[in-house]
Every structure is written in C-alpha cells, then in structure tokens.
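Fold and contact review
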Amino acid sequence: MSLRQELERRENEWLSPHAARSSQSRGRLRPEPECSLRPAFQHDRDRILYCKAFRRLKHKTQVFLAPTGDHYRTRLTHTLEVSQIARTLARGLRLNEDLTEAIALGHDLGHTPFGHAGEKVLDRLLPDGFRHWEQSLRVVDVLEKDGQGLNLTEEVRLGIYSHSKGRGAFLPENGEMSGVSLEGQLVRLADVMAYIAHDTDDAVRGGVIAEGDLPEVVRRVLGPRLSRQIDTMVRDLLAQSQATGGERLVMSPEVQEAMWTLRDFLYQRVYDNLEVHGDFIKASKVITELFERLMADDEFFSAQVGPLPEARDRARAVADYVAGMTDRYALTLYEQTFLPRPWARF
Ligand code: MG
C-alpha cells in the first residue's frame, strides 16, 4: 500500500460522513497519474503554495495600500489567517483539512494590486467586467505555469470560485452553494471571520477608528479585540454546526447579527471612507493608465507581456497581466513609464 493509499484509508476512518474524501474526488481538469505520497487535495494545497501568484500576495493590498508599516495585513497574511481559521473549523467538524487549506490558500490569488481600487478599474475597463473570484480560478486553471495551469481537482476549483459573498449573507441561503463542499462553504465563512477581525485591528492601528468606536453589540457579543472575536465566531460555528450532526454550517442569530453589524461598520467607517481617500483615486489612475498604455502601445505590450495576441484577445491578456501585478510592481512600472527620470551623469 502506498503512503497515499494509507492516508486515504485514514481519512475514511476519521472524517465525518459529510466530509469530502480525497479518494472520491471528482477529478482534475486533465487526468494524470496520482502521487504515491500525497492524496489529491494535499497535492493541490502544495501546488498552490508553490505557485508564483501565491508569492506575489505578499505585496498586494488587503485594505491599506502598499503599507510601509510592517504590521499591517497584506493579501498573504490575510490568506494565512483565513487558512488558520478554516483549518481549526475543519478539524473541529472532522471535515477534510487538506481540501479546506487548499481552497483557503488559493481563494484570493486573483486579487489585483491595490485591492478593491484595482478590481473596480478592471471591472470598468473590461467588456465582460472583472471579478476577483473568477480571476482566482483563471490563475489556477490557465495562467500559472506559463499557461498550463495547476490542474487542480474540481472540489478545490469550485471552492475557490465560490468563496466570495460580497455584502450578502454569510451562510448559504436557498441552496445557493449546493454542489460546493462543506469545506468550500467553511472557507467562505473563515474569510469573513478573518477580514472583519483583522481589518478592524488594522484600522485601529492606522488611526482610522478607535477601539471605543466599535458598536456596542460587537464589543459585547464578539469582544473588543481580534483574538476574542475570532474565538467567539469559531466556537459559535463549531457548537451550532455540531448540533446538526455536522451536516450543515450553522451560526447563532446573535453572533451572526454582531458580525453583520461589524461588517456594516467597517464599510461605513473604513472601506467606503478609504475609497474617497486620495490614494484610492491615485491607485485607480495608475491601473487605468497602465492598462490603456498596454492596450495602445504594441512595443510596450511586447516588452512587458510577450507576443501580441489577436486584437480581440488583447484586453483579456492585458487584464491578466495587470491583475497579476503587485502594488510595488505597478508603482515601479508606472514610474518608469510615465515619469521623467533624472539625468544621472556628471
Ligand atoms: Mg479573502
């Protein structure tokens, strides 16, 4: 018996009847021989961890643009915090931890530089719009490995695609996520738990809000700070879901209401507030001008991206390139392209 088969056997023994099993995966985009060491989802997790888009997350905005302060979250640390919360939940509900981790590590790979500012610009400039969760799937399916993609399993791909909920409900409603594994649904919740807690923490750090500004219900039910807040949400989800035999993900109305309140508060006081901030507007300008230059200037396109595609595919190629940039790459390229360089010879 190979190590993979032994691990698959242990999964079958340990996991809840509602968990996804590596040995019963719906398969990869293109069939390939299985690894002798790692079950399918563990293998996918590793492919994501080693891909270039994952490494670029360290220089992409979470909320605060290209922060100089070392303690602010970036997309990378956001992703790691989502993964930590999701794995705690998965282990507690005896769901597949490898699948959960793979989805969590991959969920934000499609984010643009400058966070929401970049996403808004690309959504406006592309004929079919731009949504980061579609781009995350595109990164793993098409863009990574010089256009070959990572050839992940259906469960990981669907989990990545379905992670976003915008301002909608946290828990799936009316069969909205039917077909998505409980592990995928778990990551979607862990994403919210992570960002409402750490964006509050960063906003206090950045002086945008004070801890005392948090709505009363948030402080009372979730707690005043990140560690208590996460602990409360995690325990609530575990206890409520275990009460259903682990068949569904459930949270108490009280904790959900406090989460909604905190999210609304963040939109009002932090996200929407930053959107009218001068730097958000400047970042939008950087993305817009790089996009337009790459569309209009063949030489610039070839030097940056590679051979020119057919005219009808160009906007997509430019969007893929721009979306893949880190904040600092976009700023450097902008500076080199649009700003005069001082004459340096004496
Ligand atoms: Mg996220």
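Quick notes on the rules
Residues numbered from 1 in each chain as written. Predicted model: local features only at pLDDT ≥ 70, side-chain atom pairs only at ≥ 80, totals over all residues. Heavy atoms only, no water. Donors = N, O, S within 2.8 Å, 3.2 Å for Na, K, Ca; no water. Helix = DSSP H or I, 4+ residues; strand = E, 2+ residues; numbered from the N terminus. Buried < 20%, exposed > 50% of the residue type's maximum accessible area, 1.4 Å probe, protein only. Contact = heavy atoms within 4.5 Å. Core = buried A, V, L, I, M, F, W, Y, C linked by side-chain atoms within 4.5 Å. Phe/Tyr/Trp six-rings, centres within 6.5 Å; stacked < 30°, edge-to-face > 60°. Domains from an automatic or database assignment. Buried area = accessible area lost by both parts, 1.4 Å probe. Salt bridge = Lys/Arg side-chain N within 4 Å of Asp/Glu carboxyl O. Polar contact = N/O pair within 3.5 Å; in protein donor to acceptor, adjacent residues only side chain to side chain.

Observations regarding the coordination of the magnesium ion
Protein-derived ligands of the magnesium ion are His-78 (NE2), His-107 (NE2), Asp-108 (OD) and Asp-191 (OD), with the metal-ligand distances lying across 2.2 to 2.5 Å. The sequence pattern formed by the donor residues of the magnesium ion is H-x28-H-D-x82-D. Within this pair, whereas His-78 is found in helix H4 (residues 75-92), its partner Asp-108 is found in the loop between helix H5 (97-106) and helix H6 (115-125), the two being separated by 30 residues in sequence. Exposure remark for His-78: the relative accessible area of 1% places this residue in the buried category.

Re helix H15 (residues 314-324)
Most of H15 sits out of view: nine of its eleven residues are buried. Residues of H15 that are buried include every one of Arg-314, Ala-315, Val-318, Ala-319, Asp-320, Tyr-321, Val-322, Ala-323 and Gly-324, and no others. In this structure, the buried residues of H15 make contact with helix H3 (52-56), H6, helix H7 (132-147), helix H13 (278-296), helix H14 (298-304) and helix H16 (327-338).

Considerations on the nonpolar core
Within the largest apolar cluster, 70 residues are counted, with the highest numbers of intra-cluster contacts made by Ile-48, Leu-109, Val-156, Met-193, Met-233, Met-251 and Met-259. The element that contributes the greatest number of residues to this core is helix H9 (residues 182-205), accounting for twelve residues. When near neighbours in sequence (up to four residues on either side) are disregarded, Met-193 contacts Ile-85, Leu-89, Met-233, Val-234, Leu-237, Met-251 and Met-259. Residues Leu-126, Phe-280, Ala-283 and Val-286 belong to the second largest nonpolar core, which totals 25 residues.

Some points on the packing of aromatic side chains
For the coordinates displayed, the defined rule picks out four aromatic pairs. Their ring planes at 80° and their centres at 5.0 Å tell us that Tyr-267 and Tyr-271 sit as a pair that is edge-to-face. Here the residue Tyr-267 and the residue Tyr-271 both occupy positions in helix H12 (residues 253-275), the gap between them amounting to four residues, near one helical turn. Comparing Tyr-267 with Tyr-271, the two get one shared label, buried. An angle of 45° between the planes, with centres 4.9 Å apart, marks the rings of Tyr-334 and Phe-338 as tilted. Of this pair, Tyr-334 and Phe-338 both sit in helix H16, separated by four residues, roughly a single helical turn. By relative accessible area, which is 29% here, Phe-338 ends up partly exposed.

Some thoughts on the domain arrangement of the protein
Domain boundaries in the protein define domain 1 (38-276) and domain 2 (281-337). With 24 residues of domain 1 at the interface, the matching set in domain 2 holds 21 residues. The junction of domain 1 with domain 2 conceals about 1,900 Å² of combined surface from both sides, 67% of it contributed by carbon and sulfur atoms. Summed over the three residues of domain 1 that lose the most area to domain 2, namely His-59, Pro-113 and Phe-114, the buried surface amounts to 31% of that side. Where domain 1 meets domain 2, there are one salt bridge. For the salt bridge of Asp-320 with Arg-138, the shortest nitrogen-to-oxygen distance reads 2.6 Å. Put simply, domain 1 and domain 2 have nine residue pairs in polar contact (both at pLDDT 80 or more) between them.

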